[in-house]
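Structural overview for review
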Amino acid sequence: MKKGFTFVEVVLAMFVLVILVLGGGALVQRGQIDALTQKYKRVAIETANGQMEKVVHELNYLTVDGLVGSPQTTNVTLNGITGFGMTTTVEDVSTNLIKITVSVKYEKKANAGAVELVTYRSPGGI
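Counting restarts for each chain: residues are numbered from 1 in the order of the written sequence. Side-chain atom pairs in this predicted model are given and counted only at pLDDT of 80 or more, local residue features only at pLDDT of at least 70, and totals for whole chains, interfaces and linings cover all residues. No hydrogens and no water enter the side-chain calculation; it runs on all heavy atoms of the structure.

**What to know about the overall build of the chain**
What the chain contains, in helices and strands, is 2 helices and 4 strands. Taken from N to C terminus, the helices and strands of the chain fall in the order α-α-β-β-β-β. For the chain, the spread of C-alpha atoms along the three principal axes comes to 95 × 25 × 20 Å. Buried, partly exposed and exposed residues are distinguished by accessible area as a fraction of the type maximum, computed with a 1.4 Å probe on protein chains only: under 20%, between the cut-offs, and over 50%, respectively. Across the 126 residues that make up the chain, the buried fraction comes to 23%. Contacts are assigned to residue pairs that have any heavy atoms within 4.5 Å of one another. Taking contacts inside the chain between residues at least 6 apart in sequence as the whole, the part at least 24 apart equals 48%. If you sum the accessible surface of the chain, you get close to 8800 Å²; carbon and sulfur atoms cover 60% of it. Positive residues here are Lys and Arg, negative ones are Asp and Glu, while His and the chain termini are left out of the count. By convention, charge coordinates are those of NZ in Lys, CZ in Arg, CG in Asp, or CD in Glu. Looking at the chain, you have 12 positive and 10 negative side-chain charges, and the mean spots of the two groups are 14 Å apart. Secondary structure counts use DSSP, requiring at least four H or I residues in a row for a helix and at least two E residues in a row for a strand, with both numbered from the N terminus. With residues, only the protein chains shown are counted as cover, and all accessible areas are computed by Shrake-Rupley using a 1.4 Å probe.

Okay, structure coming up:
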């Protein structure tokens, strides 16, 4: 009786090994993409929070109320890359109450991910 593997067994083992390597490579690549996306999302949240702090704490109520109906859109830089959009929108909710929304895109594709922060402000404070 001969010892060793048949050609079919060797080919089958190689096939299984190739499937495992390709699957593992795809998993690693997907993990890297997700980690990078989360990095951009975190920076977008920090950028939106900075804008919200400016609008809520540094500008007086009348200045912010003057922005009602005209969204302010600017380009921001995330992680050293330019071209991400940030939009600040102010809406009247009721007498002496405005809604402030800051949205920052963290992907450049159409219908891409964005973070959105919302708060309300009255003349006497938050």
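**Description of the nonpolar core**
If you look at soluble globular proteins, the nonpolar side chains tend to sit buried side by side. In this description, a nonpolar core means a group of buried Ala, Val, Leu, Ile, Met, Phe, Trp, Tyr and Cys residues linked to one another through side-chain atoms lying within 4.5 Å. One finds Leu78, Ile100 and Val104 to be the most contacted residues of the largest nonpolar core, which totals 20 residues. At the level of secondary structure, the elements contributing two or more residues to this core comprise α1 (7-58), α2 (61-65), β1 (72-78), β2 (81-94) and β3 (97-105). The greatest single-element share of this core, amounting to 7 residues, is contributed by α1. Those residues within four positions of Val104 in sequence are excluded, and the remaining contacts are Ala44, Thr47, Ala48, Val76, Leu78, Gly85, Met86, Ala114 and Val115.

**Details of the pairing of β1**
Strand pairing follows a simple DSSP-based rule, namely that at least 2 bridges must link the two strands. Bridging between β1 and β2 involves 6 bridges; their strand directions are antiparallel. The residue of β2 that forms the bridge with Thr73 is Thr87. In this structure, the hairpin formed by β1 and β2 is closed by a connection of 2 residues, where Asn79 is found at a positive phi of approximately 55°.

**Section: α1**
Since the α-helix packs 3.6 residues into each turn, any two residues three or four apart lie on the same face. Under the convention used throughout, the expected extent of a helix is 1.5 Å for every residue step, that is, one less than its residue count. For α1, which comprises 52 residues, the first-to-last C-alpha distance of 76 Å matches the rise-based estimate of 76 Å (1.5 Å per residue) to within 8%. Every buried residue belonging to α1 is among Tyr40, Val43, Ala44, Ala48, Gln51, Met52, Val55 and Val56, and all of these are buried.

**Things to note about the pattern of salt bridges**
Here, a salt bridge means any Lys or Arg side-chain nitrogen found within 4 Å of an Asp or Glu carboxyl oxygen. The tally for this structure, following the rule as stated, stands at 2 salt bridges. With its nearest N and O atoms 3.1 Å apart, the salt bridge here joins Arg42 to Glu46. Residue Arg42 and its partner Glu46 are located together in helix α1, separated by 4 residues, close to a single helical turn. Relative accessible area serves as the criterion here: at 43%, Arg42 is assigned to the partly exposed category. Relative accessible area serves as the criterion here: at 47%, Glu46 is assigned to the partly exposed category.

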